[in-house]
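Observations on chain architecture
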Amino acid sequence: MKTVLIGVGQAGGKLATALAEFDSRMGFGAVRGALAVNSAKADLQPLPLDTVLVGQDRVKGHGVGGDNELGAEVMQSDAREVMGELDGRITAEAEAIFVVAGLGGGTGSGGMPVLVKELKRVYDVPVYGLGILPGRDEGSMYQVNAGRSLKTVAREADSVLLVDNDAWRSSGESMEEGFDAINQAIAQRIGLLLASGEATEGVGESVVDSSEIINTLRSGGVAALGYASSEASEEAEENINTIMSTVRRALLTGTSLPEATEADSALVVVAGKAETISRKGVERARSWVEEETGSLQVRGGDFPLESGRLAALVLLGGVERSERLQQFMERAKQAQQESEDGKPDPVGMWDNDQIDSLL
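Note that the structure is a prediction, hence the values are computed from the model and not measured.

With respect to the pairing of strand β8 (residues 265-272)
Counting buried residues along β8, eight of its eight residues qualify, which places the element largely inside the surrounding structure. What you see with β8 is no split at all: Ser265, Leu267, Val269 and Ala271 on one side and Ala266, Val268, Val270 and Gly272 on the other are buried throughout. Strand direction decides the pairing type here: β8 and strand β10 (residues 309-317), joined by seven bridges, are antiparallel. Residue pairing across strands places valine 270 opposite alanine 312, the latter belonging to β10. Strand direction decides the pairing type here: β8 and strand β9 (residues 298-304), joined by seven bridges, are parallel. In the strand pairing of β9, leucine 267 is matched with arginine 299. With helix α12 (residues 279-293) bridging β8 and the parallel β9, this β-α-β connection has right-handed handedness.

Below you can see the structure in the form of structure tokens.
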């Protein structure tokens, strides 16, 4: 799926960079452009992407200090400049736009919904959010910001693919090391998903294309992505059980939003050498995902790729009922109650007519 990436805020800029670099390193050609937007000049300087500094008249390049209302204001004020930088980057070949942000910070959480809304107004392609939920140890301000931002961007974007920091951090890692590891892991997973059908190294039996990704995300709301890999045997028939077990691990233990198994739609992609991918195995795995998620909209296909391993990707659309997400929103509500800033309750803000179907 030919995609343009826009990283907003510090975390968004770093993850957009990791995605663009993975795509370039693998030679997929799915990422057709990438831009980083921030209110903090120091966070933009080390990035190898083209950049836009917003809010110079308000914060003088020093960032918004975690204030996501200010983050939204400076993005709104400088939206024309950002859209001007995107002019010519989002061409007719682009099939989707991903706005990438950490949902806990100020510029990312505040600016992401504003930019998504502006992009939707101008471009006639799906605009998706790729949002990172803050971990429990990142402070109450980050929980409150993320609760408010998620509510808003879920309403504006065609879908929001969530990554839960707590699910990806390894014990003993510093926070910075953890974030870098998460970025690399997510870049690999999403990079493979975007590349599905774009750069094949053989002729598969049922190759995935971008329309299947778009159709899986069409229900809107919140999405998650699972991943797992295994050593492959040389013969396709010997890999039927391998494909089944790898898809099971991708869904049950390898998703970006743990415990997200009840979904409105799903897409199963098995990547590896074309001659090692069993169509029977892919179909069995697809049927199992259908049963496990309770969805009748489960697509399945393969992604021929030169590798000695088989990888399984499971994209889930409409996972708002995830227990993990419910736990996060409760945590955001509690953080709001403990704060004294007087901002609206981030969980209560979900309860309105426009987004009642989400939760």
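Structure shown, so let's carry the discussion forward.
As for helix α10 (residues 210-217)
Buried residues dominate α10, accounting for six of its eight residues. Burial in α10 covers these residues: Ser210, Glu212, Ile213, Ile214, Thr216 and Leu217.

Some remarks on the packing of helix α7 (residues 140-156) against helix α13 (residues 323-338)
As a packed pair, α7 and α13 sit with axes 8 Å apart at the nearest point and diverge in direction by 120 degrees. Compared by their axis directions, α7 and α13 come out oblique. In the packing of α7 onto α13, the handedness of the crossing is left-handed. Between α7 and α13, the contacting residues are Ser140, Gln143, Val144, Ala146, Gly147 and Leu150 on the first element and Leu325, Phe328, Met329, Arg331, Ala332, Ala335 and Gln336 on the second. Each residue belonging to the contact of α7 with α13 can be placed in one class, and the counts come to eight nonpolar, four polar and one charged.

Section: the layout of surface pockets
Of the voids in this model, the largest pocket is the one considered here, and its volume is about 660 Å³. What lines the largest pocket is a set of 35 residues, among which Gln10, Ala11, Gly105, Tyr142 and Phe179 lie closest to the centre. Every element with two or more residues in the lining of the largest pocket is listed here: α1 (9-26), α6 (106-122), β5 (127-133), α7 and α9 (175-195). Residue composition of the lining of the largest pocket, grouped by class: 13 nonpolar, 17 polar and five charged. Taken as a whole, the second largest pocket spans an internal volume of roughly 280 Å³. When contributions to the lining of the second largest pocket are tallied by element, the ones reaching two or more residues are α4 (68-77), α6 and α7. Counting residues per element, the lining of the second largest pocket draws most heavily on α6, at six residues. A class-by-class count of the residues in the lining of the second largest pocket yields four nonpolar, six polar and six charged.

Conventions we followed
- Residues numbered from 1 in each chain as written.
- Predicted model: local features only at pLDDT ≥ 70, side-chain atom pairs only at ≥ 80, totals over all residues.
- Heavy atoms only, no water.
- Buried < 20%, exposed > 50% of the residue type's maximum accessible area, 1.4 Å probe, protein only.
- Helix = DSSP H or I, 4+ residues; strand = E, 2+ residues; numbered from the N terminus.
- Pairing = 2+ DSSP bridges.
- Right-handed = clockwise from strand over helix to strand, strands pointing away.
- Axes fitted to C-alpha atoms, helices over the stretch in contact; angles between N-to-C directions.
- Parallel < 35°, antiparallel > 145°, perpendicular 65-115°, else oblique.
- Left-handed = near helix turned anticlockwise from the far one by under 90°.
- Contact = heavy atoms within 4.5 Å.
- Nonpolar A, V, L, I, M, F, W, Y, C, P; charged D, E, K, R; others polar.
- 1 Å grid on protein atoms, 1.4 Å probe; cavity = no way out; pocket = protein on both sides within 12 Å on 5 of 7 lines; lining within 4 Å.
- Points joined across faces, edges and corners; volume = space filled by probe spheres on them.

Just distances and angles here, no functional claims.
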